[in-house]
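Examination of the molecular architecture
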Amino acid sequence: MENHNIIVRLATVDDKHYAETITKEMEESAKARGTGIAKRSPSYIEMKMEEGKAIIAVTTDGTWVGFCYIEAWEHEKYVANSGLIVSPAFRKTGVATEIKHKVFNLSRQKYPHAKIFGLTTGLAVMKINSDLGYEPVTYSELTNDEEFWKGCQSCVNYEILMSKGRKNCMCTAMLFDPVEAEAKIKAAAARAQVQQPEPAKAATVVTPEGELVTQRHRQFKGNFKLFERWVRFKQFVLLKSFRKRDEGNDTGARSDKKSLLSFFFFW
């Protein structure tokens with residue numbers, strides 16, 4: 001993180017006066033991106049601060065810089081690091097990465113056995129998640145808690161989510177599984193002892209609906225460029241097919257799919 005005299009720390013009750021600024025910036029950022037996040041009230045943000053389930057970034061003179069909080073679902077089986085937001089004046093300073101790392105570590109401390117997941121449209125956030133050990137997954141691997149999915153109702157893409165049976169949308173789902181992470185560490189240690197070569201990467205398949213289907217243990221970190229292309233392709237497909245459905249025009253659908261696949265593989 002660049003030196004801007006920024007402190008990234010656990011939020012406390014003394015930070016409640018930032019709550020309104022945080023919720024306003026969340027809303028403005030969602031509008032600018034053309035996507036949405038679950039709307040939260042200042043009182044909800046204050047509650048997260050009181051519970052010790054939030055990370056805040058501020059300057060040494062007290063200027064608010066960034067924020068992120070923790071939510072638990074299905075009796076703490078799943079945990080989401082939600083509402084990551086950085087003040088426009090401090091973006092591209094590396095503070096988002098620092099906040100994500102601290103809220104991830106806080107989640108591991110509070111919920112050591114929980115699966116940590118996130119939904120995002122931002123490639124920068126996806127890269128940070130990848131560095132933390134998250135992997136892209138299908139929506140079926142996320143929580144089934146209805147309260148979590150109700151949070152998507154405030155998103156401009158909610159109709160797309162429901163039209164896909166809640167199996168796909170503009171956001172990419174990413175998941176950190178502590179059991180799987182531990183297994184990978186043990187496997188890596190075993191390979192190092194016997195000096196075995198790295199296993200081959202699993203195949204990645206993109207469906208016509210824009211879903212990424214792969215086997216687990218796919219060594220995602222080494223393939224982020226391909227993943228960036230897939231994200232753009234997925235969003236292009238979903239928006240195009242959704243508009244076509246609204247227009248009721250199915251003419252040329254087959255040729256469009258062919259051109260879309262060409263766009264993905266040769267762009």
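To continue, consider the overall build of the protein chain. Across its full length, the protein chain holds nine helices and nine strands. When the 267 residues of the protein chain are sorted by exposure, 43% land in the buried category. Looking at the protein chain as shown, the accessible area adds up to about 14600 Å², and 52% of this sits on carbon and sulfur atoms.

With that settled, consider the sheet that holds strand β1 (residues 6-10). Backbone-to-backbone hydrogen bonds pair the strands of a sheet. The strands run either parallel or antiparallel. One open sheet holds the seven strands; their spatial order is β1-β2-β3-β4-β5-β7-β6, and the pairing between them is mixed. Edge positions in the sheet fall to β1 and β6 (135-137), since each has one partner strand and no second. Mean inter-strand twist for the sheet, computed between neighbouring axes without regard to direction, equals 25°. Sheet analysis places strand β3 (residues 64-73) next to strand β4 (residues 78-86), joined by seven bridges and oriented antiparallel. Bridged to Phe 67 within β4 is Ile 85. Sitting on the sheet, helix α2 (residues 42-51) is in contact with β2 (54-59) and β3, with an inclination near 80° to β3. Each of β4, β5 (115-120) and β7 (172-176) is contacted by helix α4 (residues 123-132), which is oriented at about 20° to β7, the strand it contacts most.

On the secondary structure map, Thr 59 appears in strand β2. Polar side-chain contacts of Thr 59 include one of 2.2 Å to the side chain of Asp 61.

With that out of the way, let us pick up unusual backbone geometry. The phi torsion at Lys 92 lies on the positive side, around 65°, for a residue other than glycine. Tracing the chain through its elements places Lys 92 in the loop between β4 and α3 (95-110). The backbone of Arg 166 shows a phi angle near 60°, a positive value even though the residue is not glycine. Tracing the backbone shows Arg 166 in the loop between α6 (158-163) and β7. Judged by relative accessible area, Arg 166 falls into the partly exposed class, the value being 23%.

For the structure shown, the criterion picks out nine aromatic pairs. Summarising the aromatic geometry, the rings of Tyr 78 and Phe 117 are spaced 6.0 Å apart at their centres and angled 80° between planes, so their arrangement reads as edge-to-face. With Tyr 78 in strand β4 and Phe 117 in strand β5, this pair connects stretches of sequence that are 39 residues apart. Each member of the pair, Tyr 78 as well as Phe 117, carries the same accessibility label: buried.

Summed over all chains, the structure comprises 13 salt bridges. A salt bridge links Arg 40 to Glu 71; its shortest N-O distance comes to 2.6 Å. One end of the pair, Arg 40, is in the loop between α1 (19-33) and α2; the other, Glu 71, is in strand β3, and 31 residues separate them in sequence. Its relative accessible area of 5% is what places Glu 71 among the buried residues. Several salt bridges share partner residues, and in doing so they unite Lys 48, Glu 51 and Lys 53 into one network.

Another point: the environment of Glu 27. On the secondary structure map, Glu 27 appears in helix α1. What makes Glu 27 partly exposed here is its relative accessible area of 38%. Separated by twelve residues in the primary sequence, Glu 27 and Lys 39 have C-alpha atoms spaced 7.3 Å apart.

Turning our eyes to something else, we now look at the packing of α3 against α4. For any two helices packed against each other, one specifies the inter-axial angle together with the distance between the axes. Where α3 meets α4, the axes come as close as 10 Å, and the angle between the chain directions of the two elements is 45°. As judged from the angle between their axes, α3 and α4 are oblique. The two elements α3 and α4 cross, and the hand of that crossing is right-handed. Contact with α3, carried on its side by Ala 96, Thr 97, Lys 100, His 101 and Phe 104, involves Val 125, Ile 128, Asn 129 and Leu 132 of α4 and no other residues of that element.

With that out of the way, let us pick up α3. With 16 residues, α3 should reach 22 Å at 1.5 Å per residue; the first-to-last C-alpha distance of 22 Å fits that figure. For α3, the full list of buried residues reads Val 95, Ile 99, Lys 100, Val 103, Phe 104, Leu 106 and Ser 107. One side of α3 carries all its buried residues, which in axial view fall inside an arc of 165°.

Turning our attention to the nonpolar core. With 28 residues, the main nonpolar core has Ile 6, Val 8, Ala 57, Val 95, Ile 99 and Tyr 134 as its most contacted residues. Contributions of two or more residues to this core are made by β1, β2, β3, β4, α3, α4, β7 and α8 (224-247). The greatest single-element share of this core, amounting to five residues, is contributed by α3.

Rules and cut-offs
- Per-chain numbering applies: the sequence of each chain, read as written, is numbered from 1 onward.
- In keeping with the predicted nature of the model, local features appear solely for residues at pLDDT of at least 70, side-chain atom pairs appear and are counted solely at 80 or more, and the whole-chain, interface and lining totals rest on all residues.
- Where side-chain values are given, they derive from all heavy atoms of the structure, hydrogens and water being excluded.
- Each helix is a run of H or I in the DSSP string that is no shorter than four residues. Each strand is a run of E no shorter than two, and both are numbered from the N terminus.
- Relative accessible area decides the class of each residue, using a 1.4 Å probe on protein chains only: under 20% of the type maximum gives buried, over 50% gives exposed, and in between gives partly exposed.
- Accessible areas in this description were obtained via Shrake-Rupley with a 1.4 Å probe; residue shielding takes into account the shown protein chains only.
- Paired strands, as defined in this entry, are two strands with at least two bridges between them according to DSSP.
- In this analysis, axes come from line fits to C-alpha atoms, helices being fitted only over the stretch in contact, and the angle between any two N-to-C directions falls in the range 0 to 180 degrees.
- Throughout, a contact is declared for two residues whenever any of their heavy atoms are within 4.5 Å.
- Throughout this description, a polar contact denotes any pair of N or O atoms lying within 3.5 Å of each other; where both atoms belong to protein, one of them has to be capable of donating a hydrogen while the other can accept it, and for residues adjacent in sequence the pair is counted only when both atoms sit in side chains.
- For this analysis, a ring pair means two rings from Phe, Tyr or Trp (six-membered ring only for Trp) whose centres lie within 6.5 Å, classed as stacked if their planes differ by under 30 degrees, edge-to-face if by over 60, and tilted for the remaining angles.
- The rule for a salt bridge is simple: a side-chain nitrogen of Lys or Arg has to be within 4 Å of a carboxyl oxygen of Asp or Glu.
- Each angle gets one of four labels, with under 35 degrees taken as roughly parallel, over 145 as roughly antiparallel, 65 to 115 as roughly perpendicular, and the rest as oblique.
- We call a crossing left-handed when the near helix sits turned anticlockwise from the far one by less than a right angle, and right-handed when that turn is clockwise.
- Multiplying 1.5 Å by the helix residue count minus one yields the expected span of that helix.
- What the arc measures is the spread of directions leading from the helix axis to the C-beta atoms.
- By nonpolar core we mean a set of buried residues, namely Ala, Val, Leu, Ile, Met, Phe, Trp, Tyr and Cys, connected to one another through side-chain atoms within 4.5 Å.

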